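These are the residues of each chain, in order.
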Amino acid sequence: MAAPDRKARSAQDTLALEAGEPASGRARPAASRRVPVLLPLPLEGAYDYRLPPDVAAEPGSFVEVPLGGRTALGVVWDPPENPDPIAESRLRDVLAAKPAPPMTPSLRRFVEWVSAYTLAPPGAVLRMAMSSPSALDEPQATGGWRAVHPPPEGVRLTAERTRALAALGEQVMTGSDLAREAGVLPGVLRGMANSGLIAPALLPRAAAFPRPDPEADSPLLSEAQAEAARFLRDSVARRRFEVTLLQGVTGSGKTEVYLDAIAETLRAGRQALVLLPEIALSTQWLSRFERRFGAPPALWHSELSSRTRRVTWRAVAEGEAPVLVGARSALFLPFPDLGLIVVDEEHETAFKQEDGVTYHARDMAVVRARLSEAACVLVSATPSLESVTNAEAGRYARVQLPTRHGGAALPEIRAVDLRATPPERGRFLSPPLTAAIHETLERGEQAMLFLNRRGYAPLTLCRACGHRMQCPNCTAWLVEHRAQRRLACHHCGHVEPVRPECVECGAEHSLVPIGPGVERIQEEVADLFPEARKLVMASDTIPGPAAAAEAARRIEEREVDLIIGTQIVAKGWHFPHLTLVGVVDADLGLAGGDLRAGERTMQLLHQVAGRAGRAEAPGRVLLQTFSPDHPVMAALLRDDFEGFLAAESEQRRPGHWPPFGRLAALIVSSEEARAAERAARDLGLAAPSGDGLQVLGPAPAPLSLLRGRHRHRLLLKAERGMPVQAILRDWLNKVEVPGNVRVQVDVDPVSFL
Ligand SMILES: Nc1ncnc2c1ncn2[C@@H]1O[C@H](COP(=O)(O)OP(=O)(O)OP(=O)(O)O)[C@@H](O)[C@H]1O
Ligand SMILES: [Zn+2]
């Protein structure tokens, strides 16, 4: 395998001590084979086991093996190129093979690739590919009841029993379904079973996922859409790895275009995977899919029940889930024949996983597509500089949709200069914005106010002593959530009640909220527009799919006049009656100034703006800003996303910043401040050097305390084409890090906190 070193190690070598077992194996007939088994544990590599002749397993098979004193599940891996075997006598036996389709070679290569790229142990990556261990067992048929024919003689048929037999007819039903449908108590069914009227039977295994029909209801595509769709269909039909960047203005109908590519994948009998950044909020997307294909897709995200996970995982492995829509973890599902991967809103930072195995799902989607000989489509109105650069270099194809669908115009974007027309004291909405809301509501249209901050106020300050309410576990202010009467840390979840007095100086009624969150804007709007029906959309008010669907319904059916929301309102929504978008603080994302602050702000504001005027009525957007001349604002006002990216490239290219160079971060953390600092210093002293390489830091992280851990950061910057992983591996090998310190490796970091 690529990454780990597989020095003579066996389950026994490392775990015998722990389990207190003697290191000797039982004698076995010669017909046994030696096989490497990768376990879903953070180990350096696969362990060797002996495969007894009566256990049928091949590379990819899921197997049970002894590990220390217990049994573990693993995957038979591929024989290493340079075997460095441990003694035959010390091998332990594979216990059994699981009745599940073996892991395909392409998924095994993917696990290795992700491990080598991210420096995560291969077993930690494998763990993501074994996310539903119970799916490896044969699906159990559910027990139910059938009617006995002919009914035994002399058994009394009450009205209830007759109803139950009528409800049952010729089918097999579960007891609870039957009782409900016949309107009888379970006791009635027990009596019927005792007297032989009904008998146990197995329910037929229902197809968990109906096949989406590629011809069910395809819309008439516009000329531009049809051309783009043809390009993607051809790409799918070539059955080889290709990446296409599908770039179209907001509301141009990109979704319909890639749904067409999914239809082509279905016709080819292959599977399609769609990655969405916020699957829980994608209710409009799901109903659109169902309309187009006459059946829902399979879903994959962290909130599925374990039963649904099991059924879905198994269906994917058996090729029974033709289209799967999921969060980033769906990349590790066992598709046997993946023909297409779509990454929608490819610019979204939500695709970066920050804990555990640190990977970027967009980038790994490209890798998975390559290893599966599949087409890959990256979709966005505001693509990342990474993807645009790849397209310009010819590594990706690029297809564009320059206009909105159905003749809708793009919204007009204007700045409100807060220096010239400030809000009243203690308020946050300027006169031009409130006037625009007024006009919009008068016309019976909907308005949306965007502020990317949850809660009431981001900072609570004591007027008497100047104390700022801070999280005890993090370098962060506590955010007031007035509705719940508490202060919360948005990093670790710490909450405390709002107190009448200052914790520092004891002064009473001296605490004042500083700055707005969406709750505070809602309060201001309630004051200004008491009649308007309002809806706050933030992750705490829209916690899941049901709430998102209900919010979307209320907006579509015009039960809402004014929407106040955080970044969740920027995502893909299509609200035909929404014509005004007001951005309360357009400068917000520019503070802090990490590498991509400008790009991200541009993308976010462009996406929010894109919610306005998507149907007949024209839309407009007002950006409240203190710096209307900032390049980001200027580009938004000129509607010049391309120009912005070009300028951004020119800034990053000379210094070899991504995507013109590579970055990798080391985050050193410990509950003990001194230990973290010392380890960071040692890593700094051992830092690699050379042409085209630079190490920045160590320095305390901006979030120098997070969940009670003290944090320091180092950043490796390398020119494109340098072997970053090998450099990192050498570097880490040089430094002994004590057990109470964790060093997290983040290749291609997105966050610098
Ligand atoms: N060919 C078509 N026929 C009928 N309706 C269409 C067609 N194409 C797009 N639409 C409709 O136009 C609207 C906008 O399309 P869609 O949401 O796909 O745009 P988008 O490019 O994904 O936008 P965004 O990037 O802003 O999310 C949707 O309501 C969609 O159903
Ligand atoms: Zn905290």
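Each chain has its residues counted from 1, running along the sequence as written. The naming scheme follows written order: chains are lettered A onward, ligands numbered 1 onward. Where local features are concerned, this predicted model is filtered to residues with pLDDT of at least 70; where side-chain atom pairs are given and counted, the filter is 80 or more; whole-chain, interface and lining totals use all residues.

## Observations regarding the overall build of the protein chain
Across its full length, the protein chain carries 20 helices and 31 strands. Taken against the 2.2 N^0.38 rule, which gives 27 Å for 753 residues, the C-alpha radius of gyration of the protein chain at 30 Å falls within 12% of a compact globule. In the protein chain, which comprises 753 residues, the share counted as buried stands at 44%. In this description, any two residues whose backbone-derived C-beta atoms lie within 7 Å of each other are considered to be in contact. Put simply, 75% of the contacts in the protein chain that link residues at least 6 apart link residues at least 24 apart. Here a helix means four or more residues in a row that DSSP labels H or I, a strand means two or more in a row labelled E, and each is numbered from the N terminus. What the globule rule says is 2.2 Å times the number of residues to the power 0.38, and the radius of gyration is computed from C-alpha atoms. Buried residues are those with 20 or more other C-beta atoms within 10 Å of their own C-beta, exposed residues have 12 or fewer, and partly exposed residues lie in between; C-beta atoms are placed from the backbone.

## Here we look at the sheet that holds strand β10 (residues 298–300)
At least two bridges found by DSSP between two strands is the condition for calling them paired. Taken together, 7 strands build an open sheet; the order of strands is β10-β11-β9-β12-β15-β8-β16 and the sheet is parallel. Looking at which strands have only one partner, the edges of the open sheet turn out to be β10 and β16 (397–401). This sheet shows a mean twist of 20° between the axes of neighbouring strands, independent of strand direction. Sheet topology note: the strand β9 (residues 271–275)/strand β12 (residues 338–344) ladder contains 5 bridges and is parallel. Opposite Q271, over in β12, you have L338 as the bridge partner. Angles here are taken between N-to-C directions and fall from 0 to 180 degrees, while the axes themselves are lines fitted to C-alpha atoms, restricted in helices to the stretch in contact.

## Let's talk about the nonpolar core
We call a set of buried Ala, Val, Leu, Ile, Met, Phe, Trp, Tyr and Cys residues a nonpolar core when their C-beta atoms link them within 7 Å. In this structure, V37 and L623 are the most contacted members of the largest nonpolar core, which totals 177 residues. With 7 residues, helix α8 (residues 254–267) is the largest single contributor of residues to this core. Once you skip the residues sitting within four places of it in the chain, V37 turns out to touch A46, Y47, Y49, V63, V65, G74, V75, V76, W77 and V94. W145, A147, A164 and L189 belong to the second-largest nonpolar core, a separate cluster that totals 12 residues.

## As for the pairing of strand β11 (residues 323–326)
Both faces of β11 are covered, namely the face carrying V323 and V325 and the face carrying L324 and G326. Pairing geometry for β9 and β11, over 4 bridges, is parallel. Among the inter-strand pairings, V274 is bridged to a residue of β11, identified as V325. Sheet topology places β10 next to β11; 3 bridges connect them, and they run parallel. Its bridge partner lying in β11, L299 is registered against V325. By convention, orient the strands away from the viewer: a clockwise path from the first strand over the helix to the second makes the crossover right-handed. Crossover connection from β10 via helix α10 (residues 306–317) to parallel β11: handedness right-handed.

## Overview of the confidence of the model for the protein chain
In the predicted model, the protein chain carries a mean pLDDT of 90, and 95% of its residues have values of at least 70. Considering only residues more than four positions removed or in separate chains, one finds that residues 1–30, a stretch of pLDDT under 50, has 57 contacts. The ipTM value of the predicted complex is 0.95, and its pTM value is 0.87. The predictor's confidence in any single residue is recorded as pLDDT, a number from 0 to 100.

## Quick word on the environment of I727
Note on placement: I727 falls in helix α20 (residues 724–734). Along the chain, I727 and S689 lie 38 residues apart, while their C-alpha atoms are 9.6 Å from each other. In contact with I727, not counting residues within four places along its chain, are P688, L716, A718 and M722.

## Quick word on the site of ligand 1
Surrounding ligand 1, one finds 18 residues, the nearest of these being P219, T250, G253, K254 and T255. If one sorts the elements of the shell around ligand 1 by residue count, α8 sits on top with 3 residues. Per-class residue counts for the shell around ligand 1 are 4 nonpolar, 12 polar and 2 charged. Where each domain starts and ends comes from a domain assignment, either automatic or drawn from a database. When residues of the shell around ligand 1 are assigned to domains, at least three map to each of domain 2 (223–406) and domain 3 (408–453 + 516–649). Nearness here is judged by the C-beta atom: place it from the backbone, and if it falls within 6 Å of a molecule or strand, the residue counts as near that partner. In this count, Pro and Cys sit with the nonpolar residues alongside Ala, Val, Leu, Ile, Met, Phe, Trp and Tyr, while Asp, Glu, Lys and Arg are called charged and the others, Gly among them, polar.

## A few points about the domain arrangement of the protein chain
One frequently used descriptor of interface size is the decrease in accessible area upon assembly of the parts. Taken as a whole, the protein chain is organised into domain 1 (11–130), domain 2 (223–406), domain 3 (408–453 + 516–649) and domain 4 (661–747). Measuring from the centre of the C-alpha atoms in domain 2 to the corresponding centre in domain 4 gives 34 Å.

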